[in-house]
Amino acid sequence: MKIACISLGCPKNQVDLDVMVHILLSAGHETVADLGEADVILVNTCGFIESAKTEAIENILEACAYKQQNPELKVIVTGCLAERYRSQIEEEIPEVDAVVGCASNKAIDTIVERLFHGEDHLESYGAKKDFPLGGKRVIGTPAHYAYLKIAEGCNNRCHYCAIPGIRGPLRSRDMADCVAEARWLAGEGVKELIVVAQDTSRYGTDLPGHKRLLPELLRKLCEIDGLHWIRVHYVYPDEIDDEFIQVMASEPKIVKYLDIPIQHCNSKILKLMNRRGDGEFLKALFARLRAGIPGLVIRTSLITGLPGEGEEEFAELCDFLREERLERVGAFAFSPEEGTPAAQMEHVDTDTAVKRAEIVEMLQSEIMDAYNAEKLGKTMEVLVDGYDDVFSDMLDSERARLLEGINRVLEDMIGRGTGFLRRVASGRYIAVVEERHLEQYAQRGYDVLDKIRALDPSVNLSISIGIGRGAKTLREAQDMAVQALDMAQGRGGDQAAEMTPDGFTFYGGVSHGVEKRSKVRSRLVADQLVKLIKEADHVVIMGHRMSDLDAIGAAEGVLRICKICDVPARRYAGGQPDRCAVQGRAEG
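Residues numbered from 1 in each chain as written. Predicted model: local features only at pLDDT ≥ 70, side-chain atom pairs only at ≥ 80, totals over all residues. Heavy atoms only, no water.

Here's the deal with the nonpolar core
- If you look at the biggest cluster of nonpolar residues, it comprises 57 residues, and the most contacted ones within it are Ile150, Leu218, Leu221, Leu258, Phe286 and Leu289.
- Contacts of Leu258, omitting those with residues within four sequence positions, involve Val232, Val235, Phe244, Met248, Leu289, Leu296, Val297, Ile298 and Arg299.
- Ranked by size, the runner-up nonpolar core spans 23 residues in total, among them Val32, Cys64, Val96 and Val99. (Core = buried A, V, L, I, M, F, W, Y, C linked by side-chain atoms within 4.5 Å. Buried < 20%, exposed > 50% of the residue type's maximum accessible area, 1.4 Å probe, protein only. Contact = heavy atoms within 4.5 Å.)

Listed below in structure tokens is the structure:
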């Protein structure tokens, strides 16, 4: 059978799917990327907060929709949503053919076989103590990195969290099994190994001896030939000890990066949520970590709107971030989950929680900008996930010098803004340039062109500038923001401007006809978009594939407008693919 898989949620869920795929392949099935080609669609779900449940349901419904073109298609739901809601899923979505709890992942091949032998509406669960801790797997990530799951479940019982009810208590995986899998991953070409569990810092505390075994495991992993980097995720603050810090500092393979979920800093809230420690403890911990591990990057997650969080507590959280200046922060609005103690407690409304999360992300964006600026001029070792076509054309020294010269010109012209150079055809490049003051786009654009032509007259370089005019609503404005640069590259769209050495061309939408203006050096401010942004309380710029240069250019342009208009704005890389959307609160 041809089986298509949809994987949602955390890296631990991805590892579960990797094991299931290996089981299916071993049973003679094959995997396909196109859902339309599949005989079976397996949706491996997340389900521990409301947004994750919504995403899971949307993907299940999308999978079931393929039954219209293939009535014989089977849809199987696995993962946390299946484990948490069980028979409710088939009751609510009868098109689902099977619901498989986490303990039954190991029987996924049997489930498929039973479906194609006439059985339907199957359910298979099991005890949480039987959840698989490991097993042969495929590598579902890009080949150069992989996740190593070292434990299942959690003993922390934070009052807002549904994970212990879904995944059960902590069960550590045998260390020899972990090391064997890591050695196999290295043999498959994995360069970066990412160690994950719901709480990696408590690894081993449920085994005989009740000892923290993470430091010992990390030392053994560092001995494996072929692994270049080892990264540790989800280390809880109250379990970090001197031995762990010493291992982090002394082992060169271990990336000096820690993901430490603190959720909040207010003592009252932490106690109410059954978290250990307080703000002063966290400050002392971060100081100890930075002193013991030079160059450490700290990432954390925060929850806004938790029970007990008023304006004073939220202000304390913001002050904590300003003082500690953590390099990476993810902020999430509180999601009251049924079955958790926090769901029964009084808390602020969702809109307030969401707005506070956005304020945290805006504050953190400024901190990250300053941190990133400190890296300018430094040489660092990096792991390359991919490359742009422009670099494949510039491997020889002459092209390399040209690229360096163009980059210098762009940096000189755009100051603190951002410039992107992109090859769109043989011998033709697009530079997407944004500037703090949008009205200076045209003049600066011509200056860039003149200097680049001086570097190499043979380069046919155009500068594409996205603008949106005539929008009546934010929805129209966001569509224009997405489509503008597409038009400049000839892929259709509403409005755009393209600047070439021969002149400046303005493209209007189909309904407006096409206007061409040569050598126009006027303001390129999108008047209607500015008006709408001024009316907004806040703006969220969304784009899933933020490596797409058109999307980045559009996003940066909108950010600059927001700064000019003094309207809070932030970027969010979690929207729809290839979209850069503007969302705010304005009439219409």
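Past the structure itself, the notes keep going.
Regarding the sheet that holds strand β10 (residues 192-196)
- What the six strands build is an open sheet, ordered β7-β10-β11-β12-β13-β14; its pairing is parallel. The open sheet has two free edges, formed respectively by β7 (145-149) and β14 (328-333), since each of these has just one partner strand. When the angles between neighbouring strand axes are averaged without regard to direction, this sheet yields 20°.
- Alignment of β7 against β10, held across five bridges, turns out to be parallel. Of the residues in β10, the one forming a bridge with Lys149 is Val196.
- Running over the sheet, helix α1 (residues 11-26) touches β7 and β10 and is turned about 95° from β7.
- Its contacts with the sheet put helix α13 (residues 350-373) on β13 (297-304) and β14, and the angle it makes with β14 is roughly 170°. (Pairing = 2+ DSSP bridges. Helix = DSSP H or I, 4+ residues; strand = E, 2+ residues; numbered from the N terminus. Axes fitted to C-alpha atoms, helices over the stretch in contact; angles between N-to-C directions.)

Structural notes on a nonpolar patch on the surface
- On the surface, Met380, Val382 and Val384 cluster together into a nonpolar patch covering about 320 Å² of accessible area.
- Tracing the chain through its elements places Val382 in the loop between α13 and α14 (389-392). (Patch = residues over 30% accessible without salt bridge, like charges linked within 9 Å, V, L, I, M, F, W, Y side chains within 5 Å. Areas by Shrake-Rupley, 256 points an atom, 1.4 Å probe, with all protein chains shown as cover. Salt bridge = Lys/Arg side-chain N within 4 Å of Asp/Glu carboxyl O.)

Digging into the environment of Pro71
- The residue Pro71 is located in the loop between α2 (50-65) and β4 (74-79) in this model.
- A sequence separation of 32 residues divides Pro71 from Asp39, and the C-alpha atoms of the two residues are 9.7 Å apart.

Examining helix α8 (residues 214-222)
- All buried positions along α8 are accounted for by Leu214, Pro215, Leu217, Leu218, Leu221 and Cys222. Buried residues of α8 fall within an arc of 160° about the axis and therefore sit on the same side. (Arc of directions from axis to C-beta.)

Notes on the packing of helix α7 (residues 175-187) against α8
- Between α7 and α8, the least distance of the axes is 10 Å, while the angle of their chain directions is 30°. The pairing of α7 with α8 is recorded here as roughly parallel in orientation. Crossing angle aside, the handedness with which α7 passes α8 is right-handed. Between α7 and α8, the contacting residues are Met175, Cys178, Val179 and Ala182 on the first element and Glu216, Leu217, Lys220 and Leu221 on the second.
- Its residues assigned to classes, the contact of α7 with α8 shows six nonpolar, no polar and two charged. (Parallel < 35°, antiparallel > 145°, perpendicular 65-115°, else oblique. Left-handed = near helix turned anticlockwise from the far one by under 90°. Nonpolar A, V, L, I, M, F, W, Y, C, P; charged D, E, K, R; others polar.)

Concerning the environment of Tyr147
- Relative to the elements of secondary structure, Tyr147 occurs in strand β7.
- The exposure class of Tyr147 is buried, given its relative accessible area of 15%.
- Between the alpha carbons of Tyr147 and Arg231 there is a distance of 9.4 Å; along the sequence they are 84 residues apart.
- Not counting the four nearest positions on each side in its chain, Tyr147 is found in contact with Pro11, Val15, Arg137, Thr141, Glu181, Leu185, Ile194 and Val196.

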